[in-house]
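Read off the chains here:
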Amino acid sequence: MNIESLRKYCLSKKGATESFPFDEVTLVFKVMNKMFALTNLDGELSINLKCDPEKAIALREQYLFVLPGYHMNKAHWNTIEITNSVPDKLLEEWIDDSYNLIVGSLTRKQQEELKNS
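Computed from a predicted model, the values in this text were never measured in an experiment.

(A) Focus on the packing of helix H1 (residues 3–11) against helix H3 (residues 88–105). Axis separation between H1 and H3 bottoms out at 11 Å; the angle between their running directions is 35 degrees. Here H1 and H3 pass one another in a crossing that is right-handed. Two secondary-structure elements touch here, H1 through Leu6, Tyr9 and Cys10 and H3 through Leu91, Glu92, Ile95 and Asp96. Its residues placed into classes, the contact of H1 with H3 shows five nonpolar, no polar and two charged.

(B) Inspection of the nonpolar core at higher detail. With 30 residues, the main nonpolar core has Phe36, Ile47, Leu49, Ile80, Leu91, Trp94 and Ile95 as its most contacted residues. Mapped by element, the contributors of at least two residues to this core are H1, strand S2 (26–31), strand S3 (34–40), strand S4 (46–50), helix H2 (53–62) and H3. Ranked by the residues each element gives to this core, the list is headed by H3, at seven residues. If sequence neighbours within four positions are ignored, Leu91 has contacts with Met1, Leu6, Ile47, Leu49, Ile80, Ile82 and Val86.

(C) Quick peek at the sheet that holds strand S1 (residues 16–19). Here six strands make up an open sheet; going across it, the order is S1-S2-S3-S4-S6-S5 and the pairing antiparallel. Of all the strands in the sheet, just S1 and strand S5 (66–68) have a single pairing partner and so form its edges. For this sheet, the mean inter-axis angle between neighbouring strands, taken without regard to orientation, is 25 degrees. Relative to S4, S3 is paired through three bridges, and the arrangement is antiparallel. Directly across from Leu38, in S4, lies its bridge partner Asn48.

(D) Molecular detail of the pattern of salt bridges. Enumeration according to the criterion identifies five salt bridges in this entry. The shortest N-O distance in the salt bridge between Lys13 and Asp96 comes to 2.7 Å. Of this pair, Lys13 sits in the loop between H1 and S1 while Asp96 sits in helix H3, and the two are 83 residues apart along the sequence. On the basis of relative accessible area, Lys13 is assigned to the buried category, the value being 17%. Close ionic contact of Lys55 with Asp97 constitutes a salt bridge, the shortest N to O distance being 2.5 Å. Of this pair, Lys55 sits in helix H2 while Asp97 is found in helix H3, placing the two residues 42 residues apart along the sequence.

Reading the values: the criteria
Residues numbered from 1 in each chain as written. Predicted model: local features only at pLDDT ≥ 70, side-chain atom pairs only at ≥ 80, totals over all residues. Heavy atoms only, no water. Axes fitted to C-alpha atoms, helices over the stretch in contact; angles between N-to-C directions. Helix = DSSP H or I, 4+ residues; strand = E, 2+ residues; numbered from the N terminus. Left-handed = near helix turned anticlockwise from the far one by under 90°. Contact = heavy atoms within 4.5 Å. Nonpolar A, V, L, I, M, F, W, Y, C, P; charged D, E, K, R; others polar. Core = buried A, V, L, I, M, F, W, Y, C linked by side-chain atoms within 4.5 Å. Buried < 20%, exposed > 50% of the residue type's maximum accessible area, 1.4 Å probe, protein only. Pairing = 2+ DSSP bridges. Salt bridge = Lys/Arg side-chain N within 4 Å of Asp/Glu carboxyl O.

Here it is in structure tokens:
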């Protein structure tokens, strides 16, 4: 997956927005103003995704390209180094998981607002 297909997939999620809140090379994807993915635009392509803590550890043990979240809470975030060995479907599944964790943490009012947007 390249940066454009990654960006397109993240923005396909309901209510997803993109911005550069930290610097000009860290692209952040949010839903209802909460981050669900961060990616770098310089250097090797990687993405930070929110993850269930137990699953985060299991993924790190299973895949060499899954690391503790860089500059993030390492219990809840993984950094995925995007290489040719990362299947697009797997990466999309992990993006979906991250997005769903964030949506699930929203208040009922926010979830209703997202649903009706």
